[in-house]
Every structure is written in C-alpha cells, then in structure tokens.
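A look at the structure
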Amino acid sequence: MITLKPAKNPTPSNQKFGLALAGGGPLGGFYELGALCALQDSIKRVDLSDLDVYVGVSAGAFIAAGLANGISLNKMCDIFAFNKKAETPFNPDHFLQPAYKDYLKTLAKSPVLFGKSLLKWAANPLHTSIVDMLEVSGKALPTGVFNNSKLERFLRSVLSEGEHSNDFRELKKALHIVACELNSGKIAHFSNDSNNDVPISKAIQASSALPGLYSPVKIKDRIYVDGALRRTMNASAALKQGVQLLFAVNPIVPFKRDFNIQDKGLVAGGLPLVLSQTFRSVVQSRLKTGLAKYKSQYPKADIILVEPDANDEMMFKSNLFSYSKRDQLCEYAFQHTRMQLRRKAEKIESILSRHGLEINHVHLNDETRDIECFIQQKNSNMSWAAQINHSLDLLERQLKAH
C-alpha cells in the first residue's frame, strides 16, 4: 500500500529530496530494491541515487549507503539480487557466518557456570527454581548465532571501489545510519556529522546486528545492535535537514486476514509466525506514531510511503532471511508498487507537481514492463540526445520550483 502525507503548509518547493528506508532482514532489503526501482521507473525527472539526504536502518542501511555513494539501483540489483556483477559477487553466506569466537568463549566458561548453577540448587533445592538456575547458566549462551563481520568486509569492498567511498566525510550526499547503543539503549547516529570517523560499512554492520541472531558489534569502546530496536525508519533525520519531498519504504507490516471460526489463525504456524507478527506489529505501531507527528513538526514536507499490503500472504510467509528467490522478490515488489502507484496516481501526481515532478504514465501503464526492462534501460549507455534531454528535465524541474 502507498500512504501519502501531503504537506500541512505547502510552499514553493526547495527542491530538497530525501529517502528513508526501514529494516526487515534480507527479505526487507530485496523488497525495498524492487519498490525503489518501481518508483524511479514510474516518476519522471527523479534519480534515487541523486537525492540530497539518505536515512537507513538495519537492512535499509545497505541500500541507503549504496545510493548515497551514487551506486545506481540497477547496479545494486545486479550485485544483491541477480548476481550479474562478477567483481563483487554477493553470497548469502555473507549474512550467515556462525559466531565461532562467541561459541568458543562461552564454551570455555560453561563448566564453571553450570557448576555454579548446580551448587546454587544443591545449597537450597526446595527454594531454587528453574529460573534461578537459568539466571546463572544462561550466561553460557552466545550473544548471537551469527557474526556479520564477513558482511562488513563485503560491503567495504563494494563501497571502496571506483569513485565510491567508505568514508562518511568524503560523501557528497548526506547519509544517516541508525543503530542502538546496547549499554544505554540510546539511539546512535552515524552520519557525515556524527561519528563520521567510523567506516560506513562498520556502521551498517552495527545497524543490522539483530540481537539474538547476530553478535553485538563493538566500535571503539561501545557496543551496538540493530537500530530497529529504537527506530523503525527515523525519517526525521532527513526532515530535520529541510527535505520537502521524502520517499520512504517500510517492508515489514503486520499480517491481517479475516479468519473463519474454525481457523486457528497464526497460532497454527507455531512460534516463528507468532514472533514474526509481534515484531511486525511493534514496528508498524512506532512507524504510525512517527508519521502522525511529522505533519505538525514538518508542515512543509510531503511524504510518500511504500509498504506491502497487510493481507499480503506472500510477504508474511516468506522467511525474513530467505535468499533463494531474491530476484523473484524484487520483481514482485516492483510489480506490486507499480499497481499501487496506478491506484493513487492522481493524488501522487498532485504531490509531485509541487516539486516539478510527474508520473511517467507510459512506463506505469505498460503491463508488459518488468524489472528487467528497468535494469536494461538504465544499463544502456546514454546517447548524446538522451543526455541533453536529461539535463533539460533537471533544468525544467528547477524552473518549476521558482
């Protein structure tokens, strides 16, 4: 679904555009790629790798960092979803490296901890509960099943090649990556102005370290975990910088479907589905709370938010960490977003027009168009005539704004 938040106090556009991307595991990242391709393919005179401000949380940080570096959407699709870029091949193992060091550390102290637990029980067996014993022995469990340091090295190689940079201070665009400082529970910003000496790849590693799944990430003397614990999208980081047109994508929404009385509902899917629905509901609640505040806090800003439909069984039943069908997921998100754009085309165009933009109805209404069409179009070299047209489009956008 597409949620529109028109400016409460619209003024002539300042031509400052931004993008905010929420988390959602690899599944969310692939969905965001497809949705963003659909947005760029369906809106004239907008290049999502040439905006002013980018904000990314968890999985959204991967894409935000790439776009802020000027890496085009088609190139990111090649790297992450279609594996066409041989120089930097993406491998799902980058996400799924076991936390061997944590295992060894906890294994080494396990005998002592279990011994303490048994002694505690032996000292007072009638008044020592299982919870009391777990309180001691639970310290033997690793802090994460996987370690995403291999992912950090992969991102470092991608962001360091060519004219790209893994250094916040060298970026021409504003980039905000959000994590959570574990010991204080506070939001941590990594950006051009805050913690900017931390490599971008390291900030992404911290932002995507989902507790329990990935080991917390140590940067200097602090420990960080997934930024989604405190912020769903943190769009305010872009709006505070004067962005008046914000595109946003949130790939994780709670599932909603009408059940028959005889239907056991989500509980029939066991603990994984129950936990998934709980996580999605918390994320959505925080997102709606933030959006409600933005209208009064940033009255000159227009927001276009893209999300899956609440009754989308395909998105809900897909494993958040599934990689085998990532190309199909990108295509699915591409087509679903196009469908939603068509449904709200008139209202969306009224928002875009204030910023000198318009819907590309030829692309949007072409039922044969798929994500490969978009990728191939962007991959083809621009002719001199196309370059002139592109420049004229940008000039027209500026003129309409003044």
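Residues numbered from 1 in each chain as written. Predicted model: local features only at pLDDT ≥ 70, side-chain atom pairs only at ≥ 80, totals over all residues. Heavy atoms only, no water.

**Details of the side chain of Arg338**
Secondary-structure assignment places Arg338 in helix H11 (residues 326–343). Of the side chains with opposite charge, Asp41 lies nearest to the buried Arg338, which makes no salt bridge, at 4.4 Å. Side chain to side chain, Arg338 and Gln335 meet in a polar contact 3.2 Å long. At a separation of 2.7 Å, a polar atom in the side chain of Arg338 contacts the main-chain carbonyl oxygen of Asp366. Leaving out residues up to four positions away in the same chain, Arg338 has contacts with Ala38, Asp41, Ser42, His363, Leu364, Asp366, Glu367 and Arg369. (Helix = DSSP H or I, 4+ residues; strand = E, 2+ residues; numbered from the N terminus. Buried < 20%, exposed > 50% of the residue type's maximum accessible area, 1.4 Å probe, protein only. Lys, Arg positive; Asp, Glu negative; His and termini not counted. Salt bridge = Lys/Arg side-chain N within 4 Å of Asp/Glu carboxyl O. Polar contact = N/O pair within 3.5 Å; in protein donor to acceptor, adjacent residues only side chain to side chain. Contact = heavy atoms within 4.5 Å.)

**Focus on the pairing of strand S1 (residues 2–5)**
Covered by surrounding structure in S1 are Ile2 and Leu4 only, the residues Thr3 and Lys5 on the alternate face being uncovered. Of the strand pairs in this sheet, S1 and strand S13 (residues 302–306) are connected by 4 bridges, and their pairing is antiparallel. Paired with Thr3 across the strands is Leu305, a residue of S13. (Pairing = 2+ DSSP bridges.)

**Notes on the packing of aromatic side chains**
The final tally for this structure, using the stated rule, is 2 aromatic pairs. With a centroid separation of 5.3 Å and 70° between ring planes, the pair formed by Phe190 and Tyr224 is classed as edge-to-face. Of the two residues, Phe190 sits in strand S8 (residues 186–191) while Tyr224 sits in strand S11 (residues 222–226), which places them 34 residues apart along the sequence. On the basis of relative accessibility, which here comes to 0%, the residue Phe190 falls in the buried class. Plain terms: the ring middles of Tyr294 and Tyr298 are 6.0 Å apart, the flat faces sit at 55° to each other, and that makes the pair tilted. Looking at Tyr294, the relative accessible area reads 12%, which means it is buried. (Phe/Tyr/Trp six-rings, centres within 6.5 Å; stacked < 30°, edge-to-face > 60°.)

**Focus: the nonpolar core**
Grouped together as the largest cluster of nonpolar side chains are 78 residues, with contacts concentrated most on Leu36, Leu175, Phe190 and Phe247. It is helix H1 (residues 25–42) that contributes the most residues to this core, 9 residues altogether. Among residues more than four places away in sequence, those in contact with Phe190 are Phe168, Leu175, His176, Ile177, Ala179, Asn195, Val198, Ala203, Ile219 and Tyr224. Residues Leu239, Val243, Leu291 and Ile303 belong to the second largest nonpolar core, which totals 23 residues. (Core = buried A, V, L, I, M, F, W, Y, C linked by side-chain atoms within 4.5 Å.)

**Let's talk about the pattern of salt bridges**
Applying the stated rule across the entire model yields 8 salt bridges. Ionic pairing is found between Lys75 and Glu161, a salt bridge with its closest N-O pair at 3.8 Å. With Lys75 in helix H3 (residues 73–82) and Glu161 in the loop between helix H6 (149–160) and strand S7 (174–181), this pair connects stretches of sequence that are 86 residues apart. Residue class for Lys75 comes out partly exposed when judged on its relative accessible area of 23%.

**Some details on unusual backbone geometry**
Phi is positive for Gln15, close to 60°, though the residue is something other than glycine. Checked against the element boundaries, Gln15 lands in the loop between S1 and strand S2 (17–21). Residues other than glycine seldom take positive phi values, yet Lys220 does so here, at roughly 60°. Examined against the element boundaries, Lys220 turns out to sit in the loop between strand S10 (217–219) and S11.

**Some thoughts on the packing of H3 against H11**
In a pair of packed helices, the angle between the axes and the distance between the axes together describe the arrangement. Remark: H3 packs on H11, axes separated minimally by 9 Å, with the N-to-C direction vectors making an angle of 135°. The orientation of H3 with respect to H11, classified from their angle, is oblique. Across the interface between the two elements, Phe80, Ala81 and Phe82 from H3 touch Arg326, Asp327 and Cys330 from H11. (Axes fitted to C-alpha atoms, helices over the stretch in contact; angles between N-to-C directions. Parallel < 35°, antiparallel > 145°, perpendicular 65-115°, else oblique.)

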